[in-house]
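# Overview (structure and organization)
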Amino acid sequence: MDSEPINSDEFKQERDSWDQEGKRPAEDEGGQSNKRARPPPPVDLRILLQSKNAGAIIGKGGTNIKRLRSEYKATVTVPDCTGPERILTISADLNTACSCLLDIVPVLEDYQQHKDLNFDCELRMLVHQSQAGCIIGRAGFKIKELREQTEANIKVYSECCPGSTERVVALTGKPEKCIGAIKKIIELLQKAPIKGPNTPYDPFCFDEFYAAEYGGYTTYDDTRGGRGGDRRGGQFSQRGGGGGPRGRGGPPRG
């Protein structure tokens with residue numbers, strides 16, 4: 001199916017709000033031009049996806065991914081993988097990356113039937129294991145605060161993805177709520193630099209039997225449209241951590 005952004009006033013207004021947030025006016029109150037502001041630092045937003053969604057992001061003949069790159073002046077990639085998982089990477093300043101992701105969510109296979117943004121979605125972002133603590137906070141205080149502030153459900157899986165130092169942060173809720181939570185999380189991560197080895201997750205290393213522990217997808221999920229991850233009761237835990245006993249997914253955590 002060809003991928004086109006939702007054509008609704010609601011979507012355009014929401015997307016514009018992400019684009020405009022944080023931009024400085026060209027002139028101050030006295031009419032004097034401000035010096036050119038230093039551009040915000042770029043971020044690499046990494047989202048774990050089911051492989052079935054890659055085609056919708058790329059579009060027929062690559063039309064949609066070319067549009068995203070041109071419209072948002074961002075680097076957007078979703079490399080091929082033979083397994084059930086792929087990684088969407090958006091490289092741009094934070095507001096632009098969030099705006100681009102908001103554009104992408106409605107074209108994902110599970111949400112194409114919706115005509116506006118009034119639906120629940122699920123997004124899984126990847127973060128370095130050394131940064132997970134600043135999301136959870138002492139005794140889970142920070143993650144509880146994030147849930148209350150953003151109205152998104154947030155779960156940090158306790159196990160690293162196979163062969164990597166990255167952990168999954170799963171978010172559920174309305175698209176703009178989830179992306180608002182992602183924005184707040186990245187702002188937290190910018191204040192907590194990565195510590196220790198850094199091995200990004202390669203979806204070719206996916207583990208069919210370990211997916212529930214690290215928050216990944218399985219072949220069954222990709223063919224049946226399931227949610228993967230922790231399927232106990234079909235709901236995310238409200239605890240800061242997640243998963244079960246330590247598996248085979250990542251190197252020892254310090």
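From a predicted model like this one, the values you see are computed outputs, not experimental measurements.

## Points about helix α7 (residues 175-189)
Between its first and last C-alpha, α7 extends 21 Å over 15 residues, near the 21 Å set by a 1.5 Å rise per residue. Most of α7 is tucked away, with 12 of its 15 residues classed as buried. Residues of α7 that are buried: P175, E176, C178, I179, G180, A181, I182, K183, I185, I186, L188 and L189.

## What to know about the nonpolar core
L101 and M125 are the most contacted members of the largest nonpolar core, which totals 49 residues. Tallying contributions element by element places α7 first for this core, with eight residues. Non-local contacts of L101, meaning those with residues more than four positions away in its chain, are made with L45, I47, L88, I90, L123, I179 and I182. Within the second largest apolar cluster, 12 residues are counted, among which are I87, C161, Y214 and Y217.

## Some words on the packing of helix α3 (residues 63-72) against helix α4 (residues 94-104)
Close contact between α3 and α4 brings their axes to 11 Å; oriented N to C, the two are set at 150 degrees. In terms of their interaxial angle, α3 and α4 are classed as roughly antiparallel. For the element pair α3 and α4, the recorded crossing hand is right-handed. Contact residues: α3 offers R67, L68, E71 and Y72, while α4 offers T96, S99, C100, D103 and I104. Here the residues of the contact of α3 with α4 sort into four nonpolar, two polar and three charged.

Definitions and cut-offs
Along each chain, the written sequence defines residue order, and numbers are assigned to residues from 1. Per-residue local features of the predicted model are confined to residues with pLDDT of at least 70, and side-chain atom pairs are confined, for both listing and counting, to 80 or more; whole-chain, interface and lining totals are unaffected and use all residues. Side-chain numbers come from the whole structure's heavy atoms, not from hydrogens or water. By the criteria applied, helices consist of DSSP H or I runs no shorter than four residues and strands consist of E runs no shorter than two, each listed in order from the N terminus. In a helix, the anticipated span is given by 1.5 Å times the number of residues less one. Under the scheme applied here, a residue whose accessible area is under 20% of the maximum for its type counts as buried, over 50% as exposed, and between as partly exposed, the area being computed with a 1.4 Å probe on protein chains only. Put simply, a nonpolar core is a bunch of buried Ala, Val, Leu, Ile, Met, Phe, Trp, Tyr and Cys residues held in one set by side-chain atoms that sit within 4.5 Å of each other. Every residue pair with non-hydrogen atoms within 4.5 Å of one another is taken to be in contact. Note on method: axes are straight lines fitted to C-alpha atoms, helices fitted across the in-contact stretch only, with angles between N-to-C directions ranging 0 to 180 degrees. Angular relationships are summarised with four words: roughly parallel below 35 degrees, roughly antiparallel beyond 145, roughly perpendicular across 65 to 115, and oblique for the angles in between. The crossing is said to be left-handed when, going from far helix to near helix, the turn is anticlockwise and less than a right angle, and right-handed when the turn is clockwise. Amino acids outside the nonpolar list (Ala, Val, Leu, Ile, Met, Phe, Trp, Tyr, Cys, Pro) and the charged list (Asp, Glu, Lys, Arg) are all regarded as polar, and Gly is one of them.

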